Amino acid sequence: VLASLPLQMMLYFNVYYFPVWCLAEGMMLQLKYHLLPWHYQFLLVTAFLILSLAEGSRLYLGYMGNLQEK
């Protein structure tokens, strides 16, 4: 079984686009943060952190798993 080249290419480009997404999403969150009620502020920050951590770990595990053929 060999590593999947299409998967590796998608992961490679996603690694470069993920920081751009984080920066854009963080800027939008900062711009509208003070306009929202406190419970939406909490939910937005929590969702942003969970999505960022999940995407980062998904990219790492996918990258390492594909290269090690797991």
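About the cut-offs
- Residues numbered from 1 in each chain as written.
- Predicted model: local features only at pLDDT ≥ 70, side-chain atom pairs only at ≥ 80, totals over all residues.
- Heavy atoms only, no water.
- Salt bridge = Lys/Arg side-chain N within 4 Å of Asp/Glu carboxyl O.
- Helix = DSSP H or I, 4+ residues; strand = E, 2+ residues; numbered from the N terminus.
- Buried < 20%, exposed > 50% of the residue type's maximum accessible area, 1.4 Å probe, protein only.
- Axes fitted to C-alpha atoms, helices over the stretch in contact; angles between N-to-C directions.
- Parallel < 35°, antiparallel > 145°, perpendicular 65-115°, else oblique.
- UniProt positions renumbered as here; feature names shortened; annotations may be inferred.
- Expected span 1.5 Å × (residues − 1).
- Bend = angle between axes of the 7 residues up to and from the residue.
- Contact = heavy atoms within 4.5 Å.
- Polar contact = N/O pair within 3.5 Å; in protein donor to acceptor, adjacent residues only side chain to side chain.

> Tell me about the pattern of salt bridges, and please be specific about residues and values.
As enumerated under the stated definition, the model contains 1 salt bridge in all. We note a salt bridge from Glu55 to Arg58, for which the minimum N-O separation is 2.7 Å. Taken together, the positions of Glu55 and Arg58, both in helix H2 (residues 38-67) and 3 residues apart, correspond to about one turn of that helix. Given the relative accessible area of 40%, Arg58 is considered partly exposed.

> Go over the packing of helix H1 (residues 5-32) against H2 with me, naming the residues and quoting the values.
At a minimum axis distance of 10 Å, the contact between H1 and H2 shows a crossing angle of 170°. With respect to their mutual orientation, H1 and H2 come out roughly antiparallel.

> Kindly report on the UniProt feature "transmembrane region" (unreviewed entry) in the protein chain, identifying the contributing residues and their values.
Taken from the UniProt record, the annotation "transmembrane region" (unreviewed entry) applies to residues 12-33 and 39-61. Summarising residues 12-33: 95% helix, 0% strand, and an end-to-end C-alpha distance of 32 Å. Between the end C-alpha atoms of residues 39-61 there is a gap of 33 Å, over a span that is 100% helix and 0% strand.

> Mind laying out the environment of Gln68, listing which residues take part and the relevant values?
By secondary structure assignment, the location of Gln68 is in the segment after H2. As a C-alpha pair, Gln68 and Ala3 span 65 residues in sequence and 7.5 Å in three-dimensional space.

> Residues and numbers for H1, please.
Across its 28 residues, H1 extends 40 Å between first and last C-alpha, which sits within 8% of the 40 Å expected from 1.5 Å per residue. Roughly 30° is the biggest bend found in H1, and it falls at Tyr16, with proline Pro19 one to four residues downstream. Along H1, the residues classified as buried are Gln8, Leu11, Phe18, Cys22 and Leu29. Summarising the contacts, the buried residues of H1 are in contact with H2. With a side-chain oxygen lying 3.4 Å from the backbone nitrogen of Leu7, the N-terminal cap of H1 falls on Ser4.

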